[in-house]
Amino acid sequence: SVNQGWRTITFPNTFTNIPVVLAQIITKNGPEAVVVRIRNISTTSFDIRVQEEQGNNSSHVGEEVAWIAMEPGSQTTNFRYEAGITATSVTQNWFTINFAQTYSANGFFLPMMNTQAGGDPAGSRYQSLGAGSAQVKAEEETSSDTEVAHAAEAFGYAVFDAPGDLYNEDGDVIGEMGSVTTDQA
C-alpha cells in the first residue's frame, strides 16, 4: 500500500525510454481527500505517494494505488493512441499539449503530473480536449490558504482514439475501454 511517505516501485521490465506513468487511488481507507504524487521516473523505477490537503496533518493510512507505465510514442495502426511527457513547464496556468496525430471527438485523454516540483498538494486538470490538443494545469487545493501558484511540473499523458476495443499492432484485441457519467446518488 501507499501512504504519505515516498515508496519506490521497480518495473518488472526495463523500459527503453523514460516511460509515462499514470496512477489512481483505488481504495478509500482514510476519510481525508488525497492526490497521488509521482517523482523520479527512470527506465527501471519511480517513486509514488499520496498527499493530503494542506489543512490536514499530512499523515495518511495506506491506500491501494493502481498505475500504468507506457513507453512514449504513438500507434497509428488498428487503434490510434499516444503517450508523451511535457517539458517541465506546466504550472497553475493552462498549458497546451499538441498531439502527434488527430483523434475523434470521442477520444480519451489521461494526464498526470510526473514530477513533484511543488510541495503543495495539487491535482492534474485538463480542459479544451480537441482532435489535436488539450490543455493541462496543476491545480492546488486551498484548505489552509488561498495561494495557488505552483512550481513547474512535467505532465505525462495518454490519449486514445475512441471507446471500444484496444488492439495491438497485429490487430489482436488486448482490452477495451469506455466512459460513464456518474453522480453521488
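Described in the following lines is the structure provided in the data block. Remember, it's a predicted structure, so these values are computed and weren't measured experimentally.

So, about the nonpolar core. Within the largest apolar cluster, 26 residues are counted, with the highest numbers of intra-cluster contacts made by Val-36, Ile-38, Phe-46, Ile-48, Val-65 and Phe-160. Mapped onto this core, the elements with two or more residues apiece are strand S2 (20-25), strand S3 (34-39), strand S4 (45-52), strand S5 (65-70), strand S9 (108-113) and strand S12 (155-160). Take this core: its biggest share by element is five residues, from S2. With sequence-adjacent residues up to four places away left out, Ile-38 is seen in contact with Trp-6, Val-21, Ala-23, Phe-46, Asp-47, Ile-48, Met-112, Met-113, Asn-114, Thr-115 and Gln-116.

Scanning all chains against the criterion turns up five salt bridges. Where Arg-39 meets Asp-47, a salt bridge forms, and the shortest distance between an N and an O atom there is 3.2 Å. Exposure remark for Arg-39: the relative accessible area of 28% places this residue in the partly exposed category. Note that Lys-137 is salt-bridged to Glu-139, the shortest N-O span being 3.9 Å. By relative accessible area, which is 16% here, Lys-137 ends up buried. Members of the salt-bridge network, linked through shared partners, are Arg-125, Lys-137 and Glu-139.

Moving on, we get to the sheet that holds S12. Strand order in this open sheet of four strands is S6-S7-S12-S9, and the pairing throughout is antiparallel. What marks the edges here is a single partner per strand, and that holds for strand S6 (73-75) and S9. Across the sheet, the axes of successive neighbouring strands diverge by a mean angle of 5°, strand direction being ignored. In this structure, S9 lies alongside S12, joined through six bridges in antiparallel fashion. Its bridge partner lying in S12, Pro-111 is registered against Tyr-157.

Calculation criteria
Residues numbered from 1 in each chain as written. Predicted model: local features only at pLDDT ≥ 70, side-chain atom pairs only at ≥ 80, totals over all residues. Heavy atoms only, no water. Core = buried A, V, L, I, M, F, W, Y, C linked by side-chain atoms within 4.5 Å. Buried < 20%, exposed > 50% of the residue type's maximum accessible area, 1.4 Å probe, protein only. Helix = DSSP H or I, 4+ residues; strand = E, 2+ residues; numbered from the N terminus. Contact = heavy atoms within 4.5 Å. Salt bridge = Lys/Arg side-chain N within 4 Å of Asp/Glu carboxyl O. Pairing = 2+ DSSP bridges. Axes fitted to C-alpha atoms, helices over the stretch in contact; angles between N-to-C directions.

The values reported here are purely geometric and, on their own, carry no functional implication.
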